[in-house]
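Next come the chains, spelled out residue by residue.
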Amino acid sequence: MDVQPQVFRDTPAILVESIWWDARTDELVWVDIAAGTLHRGPLDGAVDGSDDRVTELPPPLSAVQPRVGSGYIAALGDRIVTLDEDGLIAETVARIDHAHAGMRSNEAKVDPFGRFLVGSMNTTTGEPDAALYLLDDTGLRTLLGGFGVANGFEWSDDGRTVYLTDTAVKTVYRAAYGEDGRLGPLEPFLVDYDSDGLALDTDGRFWNGVSGAGTVLRWGPDGAVEDRLTVPVPGVTSVAFGGPDLSMLFVGTSRDGLSEDELERAPLSGAIFRFDGLATGRPVHTYGRRSTAAAPAGTPT
C-alpha cells in the first residue's frame with residue numbers, strides 16, 4: 001500500500017503504547033511506557049507536543065483506558081490504578097503478583113464486557129512466565145500463563161472471540177471468550193511476525209504493527225495478510241484508529257534500545273504517525289460499562 005504517513009507527534013517518546021481516541025474530550029490518548037507519562041493531544045495540536053496535556057506517573061506506565069463517568073484505569077509495573085480527570089492516581093485497585101522481579105505489565109485493554117484485560121511480559125530471562133489478568137468489580141484474577149510478551153488485544157463484536165498476541169513467539173492467537181470471563185484454548189491465527197499492537201476496523205479487517213520492521217500489516221478475517229504500510233522507523237509498537245469519525249490510523253513507535261547510529265538513520269523513532277482514510281475503526285470500550293454489541297438481545301446495558 002503506497003501511502004505516505006504524516007507525522008502526528010514527534011516529542012520524541014521512548015516507547016509509545018496504548019493509543020486510543022477519547023470521544024469525551026476529542027483527544028488522542030497514549031502513554032510513554034518507559035517515561036511513565038500520559039499524553040492527551042488534540043488533532044490540531046503542535047507536532048512537538050507543546051499543546052498536549054502531559055501527566056507524569058510512576059514508570060513503567062504500560063496502558064491507560066477510559067472508565068465509566070470520568071477518568072481512567074491504568075496499568076503500572078505491578079499494580080492497577082484509577083486516575084482522575086487530570087490523570088493523577090486516585091486509587092490502587094489491584095496488585096499483580098508477577099513471577100519474579102524482572103517482569104512488568106504490558107498491553108492492557110477494556111473488553112466488550114467492561115473488564116480490564118492486562119498482559120505482562122518478561123523483561124529479563126525471556127522465559128514464558130508472563131500471564132494474562134482480568135480485572136472486574138469482583139477483583140483481579142489470572143486467566144492464563146505461559147506467555148513471553150502478552151500483547152495486542154481485540155475482540156469480535158459479540159465479545160465471544162478474543163484475539164491476543166504473544167510477540168515472543170511471533171503469534172497472534174484467537175480463543176473463545178465471553179461474559180463468564182473464561183478463556184478457551186488458544187488457536188494460532190497469524191504467525192511468523194513480531195506482532196505488536198492490534199486494531200480491528202468496521203470491515204472486520206485487522207491492523208497490527210511488526211516490531212523492528214517499520215511495518216503495519218492489514219489482514220483479513222481469515223488471517224491472510226492483504227497489504228502493508230511502512231513508516232520511516234523500525235520500531236512499531238501500537239496501532240489504533242482515532243479522530244471524530246475514527247477514520248485515521250495512528251501508529252506509535254519506539255526509540256528504546258536503539259543505538260546512536262540507528263537513531264541517526266531513523267530520527268523519527270518514538271514519533272506517532274498518522275494515515276488518513278484507509279479504514280474506519282471501532283470505539284474504545286469503557287471500564288465498568290458493558291458494550292451494547294456484546295449484550296444479548298433484550299439484555300439491559
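Quick look at the structure, then. Within every chain, residues take consecutive numbers counted from 1 along the sequence as written. Only residues with pLDDT of at least 70 get local features here, since the model is predicted, and only at 80 or more are side-chain atom pairs given and counted; chain-wide, interface and lining totals rely on the full set of residues. With hydrogens and water stripped out, all remaining heavy atoms of the structure feed into the side-chain values.

With that out of the way, let us pick up unusual backbone geometry. The step from Thr-11 to Pro-12 runs through a cis peptide bond, and the omega angle for that step is -15°. Helical segments are the DSSP runs of H or I of at least four residues, strand segments are the runs of E of at least two, and each set is numbered from the N terminus. Looking at where Pro-12 falls in the secondary structure, it is placed in the loop between strand E1 (6–9) and strand E2 (16–22). Pro-59 connects to Pro-60 through a cis peptide bond whose omega is -5°. Its location among the elements puts Pro-60 in the loop between strand E5 (53–56) and strand E6 (61–66). Positive phi, normally seen in glycine, also occurs at Ser-18, with a value near 60°. Of note, Asp-26 is a non-glycine position whose phi angle comes to about 55°, a positive value. Take Asp-26: it is sitting in the loop between E2 and strand E3 (27–32).

Let us look at the sheet that holds strand E21 (residues 225–230). Spatial strand order, E18-E19-E20-E21: four strands in an open sheet with antiparallel pairing. The two strands at the open ends of the sheet, each matched to only one other strand, are strand E18 (195–200) and E21. Between one strand axis and the next, the sheet turns through 25° on average, direction left out of account. Pairing between strands is defined by DSSP: at least two bridges between them are needed. By the bridge criterion, five bridges tie strand E20 (residues 215–219) to E21 in an arrangement that is antiparallel. Within the sheet, the bridge partner assigned to Arg-218 lies in E21 and is Asp-227. Lines fitted to C-alpha atoms define the axes, with helix axes restricted to the stretch in contact, and inter-axis angles between N-to-C directions lie between 0 and 180 degrees.

Before going further, it helps to spend a moment on the packing of aromatic side chains. Working definition: a ring pair exists when centres of Phe, Tyr or Trp rings (six-membered ring for Trp) sit within 6.5 Å. Plane angles under 30 degrees give stacked, over 60 give edge-to-face, the rest tilted. Applying the stated criterion to the full structure yields eleven aromatic pairs. With centroids separated by 4.6 Å and ring planes inclined at 15°, the aromatic side chains of Phe-206 and Trp-219 adopt a geometry described as stacked. Taken together, the residues span a long stretch of sequence, with Phe-206 in strand E19 (residues 206–210) and Trp-219 in strand E20 at a distance of 13 residues. Of the two residues, Phe-206 and Trp-219, both sit in the buried class. The rings of Tyr-163, Phe-189, Phe-206 and Trp-219 are connected pair by pair, giving a single aromatic cluster. Note on exposure labels: buried denotes an accessible area under 20% of the residue type's maximum, exposed denotes more than 50%, and partly exposed covers the range between, all computed with a 1.4 Å probe on protein chains only.

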